[in-house]
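Observations on the three-dimensional arrangement
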Amino acid sequence: MLLRRVLALGARLAGPGEFSQRAYLNNKLDLAQAEAIADLITSSTEQAVRSAQQSMQACFLHKSMSW
């Protein structure tokens, strides 16, 4: 009920990838991080998931070391 009401008042559902896009546009994620998230979401095998997770961990580790 609440969701229907909020939508009726003009809100909209987020599109695919919108949160990552907004984070990238607001400099909360860099391109490598956004791509790693996209790779994780579209992974179709366990190996692809592990690879995407490793990419994400490397991206976030690199970013945390630069603070």
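The shown structure was predicted, so the numbers you read here are calculated from the model rather than taken from an experiment.

The rules we used
Residues numbered from 1 in each chain as written. Predicted model: local features only at pLDDT ≥ 70, side-chain atom pairs only at ≥ 80, totals over all residues. Heavy atoms only, no water. Salt bridge = Lys/Arg side-chain N within 4 Å of Asp/Glu carboxyl O. Buried < 20%, exposed > 50% of the residue type's maximum accessible area, 1.4 Å probe, protein only. Helix = DSSP H or I, 4+ residues; strand = E, 2+ residues; numbered from the N terminus.

1. Description of the pattern of salt bridges
When the charged atoms of two side chains with opposite charge come close together, those side chains can pair. Evaluation of the coordinates by the stated rule reveals 3 salt bridges. When the shortest N-O distance is used, the salt bridge between Glu-18 and Arg-12 registers 2.7 Å. Its relative accessible area of 56% is what places Arg-12 among the exposed residues. One salt bridge connects Arg-50 with Glu-46, and the closest N-O pair in it is separated by 3.8 Å. Here Glu-46 and Arg-50 lie together in helix α4 (residues 46-65), a separation of 4 residues that amounts to about one turn. Given a relative accessible area of 45%, Arg-50 falls into the partly exposed group. Residue classification places Glu-46 among the exposed positions, given a relative accessible area of 63%. The network of salt bridges with common partners includes Arg-12, Glu-18 and Arg-22.

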